[in-house]
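What the coordinates show
Spelled out, the chains give:
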Amino acid sequence: MPDKPEMPKLQQVRQSEDRFLGSDLFEGNERALPPRNGTGVYREAARELPVYHQCDVLVVGGGPSGCAAALAAARAGADVVVLERYNHLGGLSTGGLVIWIDRMTDWTGRQVIRGFAEDVLDRMPREGLAGPDPADWGSRDPAKAAYWGQRTSAFHGTVCWAPTLDPERLKVLSQELLLEAGVRLVFHGWAASPIVEDGAVRGAVFESKSGRQALMAKVVVDATGDGDMFARAGAAFDTDIEAGDVHHSMNTAFMLAGVDMERWLKFRREETDGFAQFMQLGRDTLGFFQPPYVSWRSDIALFLGPRQSGLSALDVDDMTEVEIRSHRFMAGHCEFFRRHAPGFEAAFMMESASQLGVRHTRRLAGVGRIERGQWEKGVPFADEVGVSPSVSPKFPVISVPYGALVPRSLDGLLACGRHISCDANSHGFMREIPQCWLTGQAAGVAAALAADGGVQPRKVDVAALQDGLRKQGVFLQERSAAPASPAQIRTA
């Protein structure tokens, strides 16, 4: 029998404050890959490219924000194309197995992330979704909070709307929602570079099995998650992170099936000493460790780690390293849990995510910004396009400005998803799936208005944008002042 691959030596890193869930974070220097030996340059010959399609709005990336942007733009009357590199929609919420959808309610139980979130979740079949009933949202009943706390739907003693779902159901549902709205889907196409003319993005060059082609659009929505389009088009961006923060780590999620999660949860809840010993044994045995989360089924366990720091999702070798480690993590965890964890005696490796679990790379430098100093104020931006729950009950809800989606100088493009304009601390919650739905829907409606009016996205009338969002079911706070004109968009 061949020797088992040696696991990388990883060490636990200190966590920062304002966490929803506790998690170990690991870093290590030992690499599975040898160093590269490439030198010099290769000059690619210039050539003419065929235009694949022309549209009003091109959405680059079919993840959570891209799906929301495409549906919103199509419902606002635009001709929309989604360019997606994988064979499905949903991004990290499907292919990345991030099937726990973070909180969409505030600390009173009011749902503040709505619109696309309701379009999707209201159509999920009952067997594909697990979470508390609306009557319990905002409940502080200790028994209910304890029950849902073990099921990732209660925080700070409050029951929240934060369900888990079947990723395959979400793939199909996302696809059908967009097709029903008339969106053109392009799977297996990788956006290589933006097409920029006179300081404005006019489309994108993409690669596929059909070769290298061009997609032309009046407005491009960058929903890549990493800001690939706006960065390559020359827009300014930020890369600073909070050291040791779990929100800036990477991993490949995986699921183990054949488990009894109710038995595991009972062990974790009732045998506190035994659970503590189990966790220590896991760390001592494997050198890294991650307990499971619930899924939408009691016989499937979800692992969203171990989370690894010190590696970049913009470096192909680092990305490969994370995948190699994560696949080994999956095998090691399955074997360990089968031997030592109640409810996991018959567990088997069901699936590892097809998409790398990236939390942070670039953040747009926009004309507006969400910042940590805003959290306590609770003042709506004049150009508010959505509302996010805050990280704890001591803060009011967070107003999301349209300016956070608009580059400072680059025209023809809007950003949405985890790379919008915000500081490193605020990124910790603005990168979550519901917030990506929120900013994607805002970008979609704005892009449709810009394309229809023949204006740049920064010139879109904010009042018209807010009215369009309300018509699509988005929750916005009451206007406390006249909406900002494009020239007045600023941070609070």
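Residues numbered from 1 in each chain as written. Predicted model: local features only at pLDDT ≥ 70, side-chain atom pairs only at ≥ 80, totals over all residues. Heavy atoms only, no water.

1. Points about the confidence of the model for the protein
Residue-level pLDDT values for the protein average 91, and 90% of them are 70 or greater. Within the model, pLDDT remains below 50 along residues 8–22, and this stretch shows 55 contacts once partners closer than five positions in the same chain are excluded. (pLDDT = per-residue confidence, 0-100. Contact = heavy atoms within 4.5 Å.)

2. Focus: the sheet that holds strand β16 (residues 300–303)
Here we have 3 strands laid out as an open sheet, ordered β16-β15-β18, and antiparallel in their pairing. The sheet is open, and its two edges are formed by β16 and β18 (348–352), each paired on a single side. On average, each strand axis in the sheet is inclined to that of its neighbour by 25°, with strand direction left out of account. When strand β15 (residues 254–257) meets β18, the two strands line up antiparallel, connected through 4 bridges. Its bridge partner lying in β18, Leu256 is registered against Met349. Relative to the sheet, helix α8 (residues 316–340) contacts β15, β16 and β18, its axis offset from that of β18 by approximately 155°. (Pairing = 2+ DSSP bridges. Helix = DSSP H or I, 4+ residues; strand = E, 2+ residues; numbered from the N terminus. Axes fitted to C-alpha atoms, helices over the stretch in contact; angles between N-to-C directions.)

3. Points about the side chain of Arg363
Within the secondary structure, Arg363 is located in strand β20 (residues 363–364). There is a polar contact of 2.7 Å between the side chain of Arg363 and the backbone oxygen of Asp240. Once residues lying within four places of it in the same chain are set aside, the contact partners of Arg363 are Phe230, Phe237, Asp238, Thr239, Asp240, Arg369, His419, Ile420, Cys422, Asp423, Ala424 and His427. (Polar contact = N/O pair within 3.5 Å; in protein donor to acceptor, adjacent residues only side chain to side chain.)

4. Structural notes on the pairing of strand β3 (residues 51–60)
In the sheet, β3 pairs with strand β12 (residues 211–222) via 8 bridges, with the strands oriented parallel. Bridge pairing in β12 links His53 to Leu215. Pairing of β3 with strand β4 (residues 80–83), which is carried by 4 bridges, proceeds in the parallel orientation. Bridged to Val59 within β4 is Val82. A crossover connection joins β3 to the parallel β4 through helix α1 (residues 64–75); in handedness this β-α-β unit is right-handed. (Right-handed = clockwise from strand over helix to strand, strands pointing away.)

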